[in-house]
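# Examining the three-dimensional arrangement
In case you want the letters, here they are:
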Amino acid sequence: MVKRPRCETGIEVIDKELNGGIPLGSTVLIAGGSGVGKTTLSMQFLINGIKLGENGVFFTATETVSKLKKYLSNYDFFDERLIKSGELSIIDIWSISDRLGLSPERYNLEEANILFEVIRDIAKELDAKRLVIDSITSLCYRLQTQEMIRDFIFKLGSSLTAMMCTTFLTSEIPPRTFQYSIYEIEEFIADGILFLGDIERKGDLIRTLQVVKMRGTAHGRSKHVLDMSSENGIELAPMLKSTI
Ligand SMILES: Nc1ncnc2c1ncn2[C@@H]1O[C@H](COP(=O)(O)OP(=O)(O)O)[C@@H](O)[C@H]1O
Ligand SMILES: [Mg+2]
């Protein structure tokens with residue numbers, strides 16, 4: 001069997017769990033509650049790609065670009081020069097939406113289609129090989145029905161796959177629940193799900209990461225401990241079952 005080409009996340013444990021990386025061009029849901037590391041993981045994924053010569057684009061829908069840059073400057077892996085060089089683009093999705101004159105509340109079918117086309121065209125123009133929407137949950141809020149959400153994610157995913165662009169969609173869910181998306185449609189359309197959770201142990205909240213689903217590859221499903229630091233960003237370590 002021919003092994004499908006992979007997109008190396010550069011986060012060692014994830015690549016190992018996935019037998020080399022995410023199947024190229026997949027759309028992966030990064031699901032988790034608030035503060036589990038979704039934004040950081042997504043940005044690290046883009047910057048690791050730049051090291052391999054792949055341009056990255058980050059669409060923010062939850063924080064302004066300046067707030068995001070300020071927050072990211074805490075991490076050694078983040079370097080503003082990557083923005084100046086054009087390898088990394090950070091784009092406020094609502095600014096685009098406003099400039100296009102789209103509704104500030106709910107989109108109709110035509111508006112949803114315009115936004116989809118703009119995201120696709122930006123990815124094409126920037127020759128992006130990695131793309132993030134942070135978060136798909138807040139974008140879904142403007143899409144009125146499950147059909148519109150399905151249609152939007154499906155069309156976006158298909159055109160990015162055609163461009164060999166691997167995509168992370170962050171999904172905000174309530175803490176300590178066993179669902180991966182609010183509208184319950186995102187998780188079925190996505191090719192993969194990385195679940196970021198937290199568990200309470202002796203009064204501490206420990207962050208965890210688990211590959212839940214990844215179409216097109218065999219993969220491990222073990223829970224790993226996720227650690228965050230300014231020096232190394234996100235790091236994963238095996239969770240020793242005896243310690244929990
Ligand atoms: N320099 C840092 N070192 C370690 N942890 C940090 C640092 N900066 C922020 N954090 C942690 O990152 C968390 C936010 O991560 P983030 O990726 O924004 O989560 P999410 O997008 O899932 O809400 C904060 O709650 C904080 O605990
Ligand atoms: Mg976030």
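The coordinates are above.
As a starting point, this report considers the structure included with it. Each residue is numbered by its place in its chain's sequence as written, counting from 1. As they are written, the chains are lettered A onward and the ligands numbered 1 onward, keeping that order. This being a predicted model, a pLDDT of at least 70 is required before a residue's local features are given, and a value of 80 or more before pairs of side-chain atoms are given or counted; all residues contribute to the totals for chains, interfaces and linings.

Let us look at the sheet that holds strand S10 (residues 223-229). Pairing between sheet strands relies on hydrogen bonds along the backbone, with the strands arranged either parallel or antiparallel. A pair of strands is labelled paired if DSSP reports no fewer than 2 bridges between them. Strands are runs of DSSP state E lasting at least 2 residues, helices are runs of H or I lasting at least 4, and numbering of each runs from the N terminus. Judged by pairing direction, the sheet is mixed, and its nine strands sit side by side in the order S5-S4-S6-S7-S3-S8-S9-S10-S11 without closing on themselves. Each having just a single partner strand, strand S5 (88-92) and strand S11 (233-238) make up the two edges of the open sheet. Averaged over neighbouring strand pairs, the angle between their axes works out to 25 degrees when direction is ignored. A pair of residues counts as a contact when their C-beta atoms, built from backbone coordinates, are within 7 Å of each other. Orientation is described by axes fitted as lines to C-alpha atoms, over the contacting stretch for helices, and by angles from 0 to 180 degrees between their N-to-C directions. On top of the sheet, helix H3 (residues 65-72) reaches strand S4 (55-60) and S5; it is set at about 135 degrees to S5, its chief contact. Contacts from helix H6 (residues 109-125) reach S4, S5 and strand S6 (128-134), with the element oriented near 155 degrees to S4.

Next up on the list: the nonpolar core. Considering soluble globular proteins, one finds that nonpolar side chains tend to be buried as a cluster. We define a nonpolar core as a collection of buried residues of the types Ala, Val, Leu, Ile, Met, Phe, Trp, Tyr and Cys that are connected via C-beta atoms lying within 7 Å of each other. For the exposure call, what matters is how many other C-beta atoms sit within 10 Å of a residue's own: 20 or more marks it buried, 12 or fewer exposed, and in between partly exposed, using C-beta atoms placed from the backbone. Counting residues in hydrophobic clusters, the biggest one holds 61 residues, and the most contacted among them are Leu29, Ile30, Ala31, Phe59, Leu194 and Leu196. No other element matches the six residues that helix H8 (residues 146-162) contributes to this core. The residues contacting phenylalanine 59, other than those within four sequence positions of it, are Ile91, Ile93, Ile119, Val132, Ile133 and Asp134.

Here we come to H8. To estimate the expected span of a helix, subtract one from its residue number and multiply by 1.5 Å. With 17 residues, H8 should reach 24 Å at 1.5 Å per residue; the first-to-last C-alpha distance of 24 Å fits that figure. Within the sequence span of H8, burial applies to Met148, Ile149, Phe152, Ile153, Leu156, Gly157 and Leu160. Projected down its long axis, H8 carries its buried residues within an arc of 150 degrees, all on one side. Exposed side chains of H8 directed beyond 90 degrees from the buried face belong to Glu147, Ser158 and Ala162. In this structure, the buried residues of H8 make contact with strand S3 (27-32), H6, S6, helix H7 (136-142), strand S7 (166-172) and helix H9 (186-189). Positive phi appears at methionine 164, one or two residues downstream of H8, with a value of about 60 degrees. Here, the arc refers to the directions that run from the helix axis to the C-beta atoms.

All right, on to unusual backbone geometry then. With an omega dihedral of 5 degrees, the bond running from aspartate 134 to serine 135 counts as a cis peptide bond. Looking at where serine 135 falls in the secondary structure, it is placed in the loop between S6 and H7. Positioned with a positive phi, asparagine 19 is a non-glycine residue whose angle comes to about 60 degrees. Note that asparagine 19 resides in the loop between helix H1 (12-17) and strand S2 (22-23). Unlike most non-glycine residues, methionine 164 shows phi in positive territory, near 60 degrees. In this structure, methionine 164 sits in the loop between H8 and S7. Classification of methionine 164 by C-beta neighbours within 10 Å gives partly exposed; the count is 13.

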